[in-house]
Structures are given as structure tokens and as C-alpha cells.
Amino acid sequence: MSYNVREHSYVVGGLGVTGQACVRFLLQHKATVKAFDTRPTFSAPENLDTSMQAFMAEKVTCRALSADYFDGVDTLVLSPGLALDIEQVELAKQCGVEVIGDVELFARLNTSFKSDTPAKRVVGITGSNGKTTVTLLVNHLLNACGVKSIEAGNVGRPVLEALESDADVVVMELSSFQLETTSSLVLEAATVLNISDDHLDRHGTLEHYVDAKHRIFANAKSAVVWRDGEFVAPDDALNVESQANAQKANQNGLLRSAIEYGLGASDTGFSIVTMLDSKHIAFNGKPIIALSDIHLAGMHNVLNIMAALGICCKLGVSPDQAVKHLHSFKSAPHRCVEVARVNSVRYIDDSKATNIGATIAALEGISPTIAGKLLLIAGGDAKGADISSLAPYLTQYVSHVFALGKDAHLFAQSFAHTTQVATMKEAVKGALRLAAPGDAVLLSPACASIDMFKNYMHRGEMFKQTVHDLLDIKQEAVS
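Residues numbered from 1 in each chain as written. Predicted model: local features only at pLDDT ≥ 70, side-chain atom pairs only at ≥ 80, totals over all residues. Heavy atoms only, no water.

*Asks:* With reference to specific residues and values, describe the nonpolar core.
*Replies:* Judged by nonpolar contacts, the single largest core of 50 residues is most densely connected at Tyr10, Leu26, Phe106 and Met172. With five residues, the top contributor of residues to this core is helix α4 (residues 102-110). If we ignore the near neighbours within four places in the chain, the residues touching Phe106 are Val122, Val159, Leu160, Leu163, Val170, Met172 and Leu185. Ile125, Val171, Leu309 and Leu326 belong to the second largest nonpolar core, which has 39 residues in total. (Core = buried A, V, L, I, M, F, W, Y, C linked by side-chain atoms within 4.5 Å. Buried < 20%, exposed > 50% of the residue type's maximum accessible area, 1.4 Å probe, protein only. Helix = DSSP H or I, 4+ residues; strand = E, 2+ residues; numbered from the N terminus. Contact = heavy atoms within 4.5 Å.)

This is the structure we're talking about:
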């Protein structure tokens, strides 16, 4: 069934990057639209085009809403940063308004947007950690192998922009917040990379968080599954792909198959094998690349590569073909990036580690690569997560923690060798005093950044700048 935006009347909730993209798209396609923002001090961004300037001046409400605000409205397109239980959403539901997100709007338009072109093929990637890396890697490998693709979603590009691109495939990074308002997105392949305590301040319980993540499988034709992970497989039974390529129809009538991956041995899917004292990634038992030839650091990135290769398989690109292009992939910033190396001490920015699982992955991935001790800078807003669950990993891998931010005290309660500090400069100074040749100073906060910084990027830049200032580095030590 075709979906025409001109036949609907919309309210866009929240005017961040996603909300603005929704408004712009709906205006361009002559839809009836207005918007609200929950920030009483909201002001329109500069350098807007004429139509967006007029919209911001005339059609945006920042005050409390009454029921008549939704008169004649049938659809609320809610930005992922706004929770489903806020009073504006509750009021919309009471008025009979459907609540969706921009990903769901994309899903409805993808089959009917351009009558002269086929719907775009879409793959979906979610998880507590690694999803941006896997999204960018899949997009890189597909394009390098001749498949015209574009990345979108939580990775930064609004999905409605991807809808209007000339790409044949859209590689979507999907957060739990986006998935909450998505119900009909058809995916060629879907994956939940991993699950750890995150966003419990919004979802309430781990069970609710997992439920939100698993919405990615609802209309997926296939799944790419970490065989050793918890809560990462679809709830319905899957047939793991073998050379016979067995498939199973799910409850929606779609053919559902799975490719599994992991660091253990297996004759099917992706695994690790040893040949001539060298470890390799293997597919269906056949070695395809040596771990020594992979430039992404840490075993967590080996899993990320396997997941990306599995998704590429589902789009017709063989692992043998895809691995040839791994060397040309550049990882996103603030994800285990070395920003300086002075006197044989490494300074590593992993500011993107905004939850416990990401920090564990960094500790496990980096510790085997250094000769000395690991000094950790952590802290911020824990978002309701149990920092004490990090304690065994701190004991195993970390010599000292410098904790800052709103929940710094939780690190002090969990690990005896913790110093609470007030600023990033204090944290870096403390680490410099303890660091010796062979050591690493790692920023991997296990917390959100918004209590002290604009975002995790700002936090990472402040770490890098502080390191360079204190070490008097005039040029970047690492490109």
C-alpha cells in the first residue's frame, strides 16, 4: 500500500537534528506540519533556508500543549531524544494521534517514494556498543565492493536524507530510542551486536531495554548473531546457515536465516582458527584473514569485523571479497584512538565508551597490547547503571582510576585505587604523575558526558587537548 505524506497531518516532536530533518522533508513534500519543542529556551538555528525560517517563526510551540493542539492531526513524528512517557506524547495518544519516529516514516515511504525506482534495500545494526563502527565498516566494504550504499540513522545522517539519495542500500545504525517508535521497517539483515546495562534511566529495566533492541528483528529477513552473546538472538527460532543455506519463515511470512559469529571454533559462520601459529578469521571453516593483518585494535573489533562481514554476505558480497578492503577503513574518532605517544606512554581516547560494556571491551582489547600498566580516566553520568559491575575488570586490568563527574563517587566505592578529580586537567595530570614507559593512559568513561561536556566528542577533544598541552606537543603525535 502506498503512503503519501500529503494525505496526513503531522506534528514533529523535538527540533534537534532529527526533528529538523523531518520538518524539512515534510515541507519539501507539501505535507501539513507543525512542531513542538520541550525546551523553553529553544531558539532556531542560524543559516536556515527561507521556508525553514518561516516555519520556525510561525509553527513551533515551546509551551504546554492543550488537547485542541492535536485537532486535525493524525501523526506525531517523535524525535528519539524524547521519551514516550512525556506529557505531550500522552496527550497525543489520548487524542487518537499515532506516534511514530523518522525511521518508521522512512519505512512507510520506502516502498512508495519513487514509483520509477525499486525500494532501497536496508540493513539494521543495533547494540550497546560497536554499532557505529560496524555501520561505517559495512558501508565502506559495500561501496568498495561495488554496492552503492549510504549510512544513516544514529550514525549521524537523518534517515529521510538517505531515502532521497541515489544509493541502492541504506546501512542503518539504530538506537533503542529509534526502535521504540519503529514497527514496519523491512530489513535484509539485522543484528544486535551486544547488550549491556545502558539507558536504564529511560527504559527502566534491562528487560525493557532488550525488548526495545529486539524490535529490529520484527520484519528482518535474516539475522547476524554473536553466538556467545547474551540477549542478542531473535526470540523466534532460527536456522543457522550452513552450506545448504537452510531458511525458515518467521511469523510475518519473511524468510529468516542466520549467520553466526564468535571467537571460538566453528565449522559454520565466522570463527577463529589457528594456522602455522597464526590466528585467522575463518568463514565456514576456511581462513580468510590473519588477525595480524587487521589494523583495528582489540578482540572486540574482531567481533565487529565478523558482524560486518556477515551483513555484507546478506547483500551478496562474499567475505573473501570484502576482507580485501579492511585495510582502507578508517575508524570513527573517539573510539580507542591513540592521540599521543610520548616516552613510550600511549594516550588513548575512547570517549565514545558511554556505558560499562564499552569500557569493558576497551580494557579487554587494549590490555594485551601494552607492556606496562593501564591508567584509566572514567566517570560522568552513569545513567542508572551499576558501576560496581565494572569492579572485577578494574581489578584485573587497571592500576589506577581517575574518576570525574556526577558519578565519580561510584568508581571510588567500587575500586580502592581511585582518585576523584574535579576536571579533565586534574585527571590527566594525575595519570601523568603515575605513568611510566610501557604504560597506557586510557579515557574510557563508562558514563555519559552531558554532566560536564557538550557531548562525548567534546569530552574526547578536551582529553586530547589537555594531553597535548601538558606534554607540550606542538604537532599531533598520531595522525
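Having seen the structure, we can now continue with the description.
*Asks:* With reference to specific residues and values, describe the pattern of salt bridges.
*Replies:* Counted under the stated rule, the structure contains 13 salt bridges. We note a salt bridge from Glu260 to Arg227, for which the minimum N-O separation is 3.7 Å. A residue pair is termed long-range when its members are at least 10 positions apart, and Glu260 in strand β12 (residues 255-261) and Arg227 in the loop between β10 (222-226) and β11 (248-249) qualify at 33 residues. With a relative accessible area of 23%, Arg227 lands in the partly exposed category. For the salt bridge of Asp407 with Lys406, the shortest nitrogen-to-oxygen distance reads 3.5 Å. (Salt bridge = Lys/Arg side-chain N within 4 Å of Asp/Glu carboxyl O.)

*Asks:* Residue-level account of helix α3 (residues 87-94), with values.
*Replies:* Each α-helix turn comprises 3.6 residues. Residues three or four places apart therefore point the same way. What α3 keeps buried is the set Gln88, Val89, Leu91 and Ala92. End-on view of α3: buried residues confined to an arc of 160°, all on one side of the axis. Facing away from the buried side of α3, by more than 90 degrees, are the exposed residues Glu87 and Gln94. At the exit of α3 stands Gly96, carrying a positive phi of roughly 80°. (Arc of directions from axis to C-beta.)

*Asks:* So, the packing of helix α15 (residues 424-434) against helix α16 (residues 456-470): which residues are in play, and what are the values?
*Replies:* The contact between α15 and α16 brings their axes to 10 Å, and the two run at 50°. Taken together, α15 and α16 sit at an angle that is classed as oblique. Crossing hand, α15 versus α16: right-handed. Packed against α15, whose contacting residues are Met424, Lys425, Val428, Lys429 and Leu432, the element α16 presents Arg459, Met462, Phe463, Thr466, Val467 and Leu470 at the interface. A per-class count over the contact of α15 with α16 returns seven nonpolar, one polar and three charged. (Axes fitted to C-alpha atoms, helices over the stretch in contact; angles between N-to-C directions. Parallel < 35°, antiparallel > 145°, perpendicular 65-115°, else oblique. Left-handed = near helix turned anticlockwise from the far one by under 90°. Nonpolar A, V, L, I, M, F, W, Y, C, P; charged D, E, K, R; others polar.)

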